[in-house]
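The chain contents come next:
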Amino acid sequence: MAAKATAKPAIFGGLVRYYDEFYTLFNGLVQGYYLNRYGGSLAEVFYGLTRVSVKSKSFNKRDRNWSFVVLVVLPYALSKMETLCNHWREDYEAGKQISIERRLLFRLVPFVKAFYESVKLIHYVSYLANATETHSPALRILRLGLTYLSEEEESWSFKDIFQGKIRVATMLSTALLRWLELSAFFLQFIEWWQTEANIGDLSKLPIPDAPSLDTNASKYANVRLLLPVYSKSPTKRKQMPGH
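Rules used in this analysis
- Residues numbered from 1 in each chain as written.
- Predicted model: local features only at pLDDT ≥ 70, side-chain atom pairs only at ≥ 80, totals over all residues.
- Heavy atoms only, no water.
- UniProt positions renumbered as here; feature names shortened; annotations may be inferred.
- Core = buried A, V, L, I, M, F, W, Y, C linked by side-chain atoms within 4.5 Å.
- Buried < 20%, exposed > 50% of the residue type's maximum accessible area, 1.4 Å probe, protein only.
- Contact = heavy atoms within 4.5 Å.
- Phe/Tyr/Trp six-rings, centres within 6.5 Å; stacked < 30°, edge-to-face > 60°.
- Helix = DSSP H or I, 4+ residues; strand = E, 2+ residues; numbered from the N terminus.
- Salt bridge = Lys/Arg side-chain N within 4 Å of Asp/Glu carboxyl O.
- Axes fitted to C-alpha atoms, helices over the stretch in contact; angles between N-to-C directions.
- Parallel < 35°, antiparallel > 145°, perpendicular 65-115°, else oblique.
- Left-handed = near helix turned anticlockwise from the far one by under 90°.
- Nonpolar A, V, L, I, M, F, W, Y, C, P; charged D, E, K, R; others polar.
- Patch = residues over 30% accessible without salt bridge, like charges linked within 9 Å, V, L, I, M, F, W, Y side chains within 5 Å.
- Areas by Shrake-Rupley, 256 points an atom, 1.4 Å probe, with all protein chains shown as cover.

The name recorded for the protein chain in an unreviewed UniProt entry is AGAP010497-PA-like protein, from Anopheles sinensis. Its UniProt record gives the protein chain a comment under Sequence similarities (unreviewed entry), which states: "Belongs to the pex2/pex10/pex12 family." Looking at the protein chain in UniProt, the text filed under Subcellular location (unreviewed entry) is "Peroxisome membrane".

This is the structure in structure tokens:
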């Protein structure tokens with residue numbers, strides 16, 4: 001996509017510039033559909049799971065709305081915040097004037113991320129040890145758990161199509177649903193691929209400054225090195241007596 005944007009910026013430039021917004025919109029459509037239809041995210045429904053309240057053992061509108069915020073809105077906001085912090089850090093390292101609040105913010109972000117990842121790891125290990133009811137801190141905050149789906153997905157075969165038992169609308173909706181699932185996983189794979197490529201790109205590392213001159217270098221800065229010039233005159237051969 002980046003190569004196409006460079007070759008044809010008028011056509012593909014906007015897609016690269018607003019990639020996060022397009023991805024969030026598409027992710028919101030997919031996650032919203034699965035939350036309304038099955039009561040779980042795309043990944044959870046893919047593994048046959050659904051969300052239920054720990055207290056009421058149901059999944060009401062409030063649970064669905066907060067789940068949508070955590071699955072779609074919160075990742076987008078955190079991604080934008082991290083991008084801004086990286087931009088402020090680059091400006092600060094380049095010598096630009098940055099406010100104290102922004103400097104404090106981009107310095108705290110790595111510690112907050114490390115703390116959250118540690119909490120996720122501890123929570124996951126506790127879930128494996130049956131110490132908690134959920135595997136995710138987000139689900140625990142929302143007071144939600146996971147259970148197996150009881151609703152069976154409607155299935156049909158080509159024989160049912162030829163016999164007229166399946167309507168065209170049902171086939172189109174099923175095909176559209178499968179396309180959305182594959183597209184969502186493909187977009188997540190592309191996002192992971194770009195993240196891994198950016199981590200290993202050494203060309204994005206800052207160029208170090210030139211080393212400062214020491215005392216000897218400053219002393220002999222304007223001194224030219226003179227090399228001796230040797231003439232290549234042929235040496236005379238001594239004549240031996242008798243020749």
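## Structural notes on the nonpolar core
Residues Leu 35, Phe 59, Leu 71, Val 72, Leu 139, Leu 142 and Leu 144 constitute the largest nonpolar core, which totals seven residues. Setting aside residues no more than four positions away along its own chain, Leu 142 makes contact with Arg 51, Trp 66, Ser 67 and Val 70. Counting six residues, the second-largest nonpolar core is a separate cluster that includes Phe 26, Val 30, Leu 42 and Val 45.

## Brief notes about the packing of aromatic side chains
For the coordinates displayed, the defined rule picks out five aromatic pairs. Ring centres 5.6 Å apart and planes at 35 degrees place the aromatic pair Tyr 34 and Tyr 38 in the tilted group. When the ring of Phe 46 is compared with that of Tyr 47, the centres are 5.3 Å apart and the planes differ by 90 degrees; the resulting orientation is edge-to-face. Judged by its relative accessible area of 52%, Phe 46 falls in the exposed class. Ring pairs connect the aromatic residues Tyr 33, Tyr 34 and Tyr 38, which therefore count as one cluster.

## Here we look at unusual backbone geometry
Most peptide bonds are trans, and most residues other than glycine sit at a negative phi. Despite not being glycine, Lys 57 shows a phi value in the positive range, around 60 degrees. Its place among the elements puts Lys 57 in the loop between strand E1 (49–53) and helix H5 (61–93). Residue Lys 57 is classed as exposed on the basis of its relative accessible area, which comes to 61%. At Arg 143, a residue that is not glycine, the phi angle is positive and equals roughly 60 degrees. Residue position: Arg 143 is located in the loop between helix H7 (137–141) and strand E2 (144–148).

## Quick word on the pattern of salt bridges
One pass over the full model with this rule turns up seven salt bridges. Glu 21 is the partner of Lys 80 in a salt bridge, and the nearest nitrogen-oxygen pair spans 3.3 Å. Placement of the pair is Lys 80 in helix H5 and Glu 21 in helix H3 (residues 19–37), with a sequence separation of 59 residues. Classification of Lys 80 by relative accessible area gives partly exposed; the value is 30%. Residue classification places Glu 21 among the partly exposed positions, given a relative accessible area of 27%. Between Glu 44 and Arg 51 there is a salt bridge, and its shortest N-O distance comes to 3.0 Å. Classification of Glu 44 by relative accessible area gives buried; the value is 11%. Residue classification places Arg 51 among the buried residues on the basis of a relative accessible area of 5%. Through salt bridges with shared partners, one network takes in Asp 20, Glu 21 and Lys 80.

## Observations regarding the packing of H3 against H5
Relative to each other, H3 and H5 sit at 165 degrees, their axes nearing to 10 Å. The angle between H3 and H5 falls in the class roughly antiparallel. For the pair H3 and H5, the crossing hand works out as right-handed. Of the residues in H5, those touching H3 at Asp 20, Glu 21, Thr 24, Asn 27, Gly 28, Gln 31, Gly 32, Leu 35 and Asn 36 are Arg 64, Ser 67, Phe 68, Leu 71, Val 72, Tyr 76, Ser 79 and Lys 80. Of the residues that constitute the contact of H3 with H5, the class distribution is five nonpolar, eight polar and four charged.

## Topic: a nonpolar patch on the surface
On the surface, a cluster of nonpolar side chains totalling about 430 Å² of accessible area is made up of Leu 104, Leu 108, Phe 111 and Val 112. By the element assignment, Phe 111 lies in helix H6 (residues 100–128). A residue is classified by how much of its surface remains accessible, and Phe 111, at 62% relative accessible area, is exposed.

## Side note on the environment of Arg 64
Tracing the backbone shows Arg 64 in helix H5. Residue classification places Arg 64 among the partly exposed residues on the basis of a relative accessible area of 22%. Each C-alpha atom of the pair Arg 64 and Leu 35 lies 6.3 Å from the other, and the pair is 29 residues apart in sequence. For Arg 64, the contacting residues outside a window of four places in its chain are Leu 35, Asn 36 and Phe 59.

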